[in-house]
Amino acid sequence: MTGISTHVLDTSLGRPAAGVPVELALRTAGGWTVLGTSATDSDGRVTDLPAVAAGSVVRLLFDTAAYGAGPDGPPFFPEVSVVFAVAPEQRHYHVPLLLSPFGYSVYRGS
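Starting from 1, residues in each chain are numbered consecutively following that chain's sequence as written. Residues qualify for local features only when their pLDDT is at least 70, as the model is predicted, and side-chain atom pairs are given and counted only at 80 or more; totals for whole chains, interfaces and linings, by contrast, use all residues. As a rule here, side-chain values cover all heavy atoms of the structure and leave hydrogens and water aside.

Colleague: In this structure, what is going on with the overall build of the protein chain? I would like to understand it.
Modeller: Runs of H or I in DSSP of at least four residues are treated as helices and runs of E of at least two as strands, each being numbered from the N terminus. Counting its regular elements, the protein chain contains one helix and nine strands. Ordered by position from the N terminus, the helices and strands of the protein chain form the series β-β-β-β-β-β-α-β-β-β. Working rule for contacts: check all heavy atoms of both residues, and any pair within 4.5 Å makes them a contact. Partitioning the contacts of the protein chain with sequence separation of at least 6, the portion at a separation of at least 24 is 58%. Accessible surface area values rest on a Shrake-Rupley calculation with a 1.4 Å probe, where residue burial reflects the displayed protein chains alone. With the model as given, the accessible surface of the protein chain reaches about 5,900 Å², and the carbon-plus-sulfur share is 54%. Charged residues are defined narrowly, with Lys and Arg counted positive, Asp and Glu counted negative, and His plus the chain ends left uncounted. To locate a charge, the coordinates of NZ of Lys, CZ of Arg, CG of Asp or CD of Glu are taken. The distance from the centre of the 6 positive side-chain charges to the centre of the 9 negative ones in the protein chain is 9 Å.

This is the structure we're talking about:
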């Protein structure tokens, strides 16, 4: 089994993005099966998602609308979906999200 964690940083404010809902789902023949949900802590981290089987394809879905709704309405990207393959030899994946009002970036962390 392979552990999954994430970290959301608000690059426009230069701080962690607390309270972002995150969903972990597994791709199946019939679509997506939700394995677990959580939200970022005060440091912008999620460390309590369930482990996944090696060789699977998973999705992290970030509800950025819940974090970024402001006086001007919903954010430009109301959600961010990150899909990646879990290699058999990997024990853990850390997948950070760098978030700003009109853009985002993800990468495979350590």
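Still to come is the rest of the account.
Colleague: Just checking my understanding: could you explain the pairing of strand S6 (residues 57-62) for this structure?
Modeller: If a strand is regular, its side chains alternate between the two faces of the sheet. Relative accessible area decides the class of each residue, using a 1.4 Å probe on protein chains only: under 20% of the type maximum gives buried, over 50% gives exposed, and in between gives partly exposed. For S6, a buried count of six out of six residues is recorded, marking the element as mostly surrounded by other parts of the structure. Going residue by residue along S6, you find Val57, Arg59 and Leu61 tucked away on one face and Val58, Leu60 and Phe62 tucked away on the opposite face as well. Here, strands pair whenever DSSP counts at least two bridges between them. Taken together, the five bridges between strand S3 (residues 21-28) and S6 define a ladder with antiparallel strand orientation. In the strand pairing of S6, glutamate 23 is matched with leucine 61. Direction of pairing for S6 relative to strand S7 (residues 80-85): antiparallel, over a ladder of six bridges. Residue pairing across strands places valine 57 opposite alanine 85, the latter belonging to S7.

Colleague: What is the right way to look at the nonpolar core in this model?
Modeller: Soluble globular proteins tend to pack their nonpolar side chains together in the buried interior. Here, the term nonpolar core denotes a set of buried Ala, Val, Leu, Ile, Met, Phe, Trp, Tyr and Cys residues that are joined through side-chain atoms within 4.5 Å. Ranked by internal contacts, the top residues of the largest apolar core, which has 21 residues, are Ile4, Leu60, Phe62 and Phe84. Elements supplying a minimum of two residues to this core: strand S1 (3-10), S3, S6, S7 and strand S8 (92-100). Among the elements that line this core, the one with the most residues is S8, at four residues. Not counting residues up to four positions away in its chain, the partners in contact with isoleucine 4 are Leu24, Leu49, Pro50, Val52, Leu60, Phe84, His92 and Tyr93.

Colleague: What's the story with the pattern of salt bridges in this structure? I'm lost.
Modeller: Opposite charge on two side chains allows them to pair when their charged atoms are near. We count a salt bridge whenever a side-chain nitrogen from Lys or Arg sits within 4 Å of a carboxyl oxygen from Asp or Glu. The full count for this structure, using the stated rule, is two salt bridges. The partner of glutamate 23 in a salt bridge is arginine 59, with the nearest N and O atoms 3.1 Å apart. Taken together, the positions of glutamate 23 in strand S3 and arginine 59 in strand S6 put the pair 36 residues apart, joining distant regions of the chain. The partner of arginine 45 in a salt bridge is aspartate 43, and the shortest N-O contact between them spans 3.0 Å. On the basis of relative accessible area, aspartate 43 is assigned to the partly exposed category, the value being 35%.

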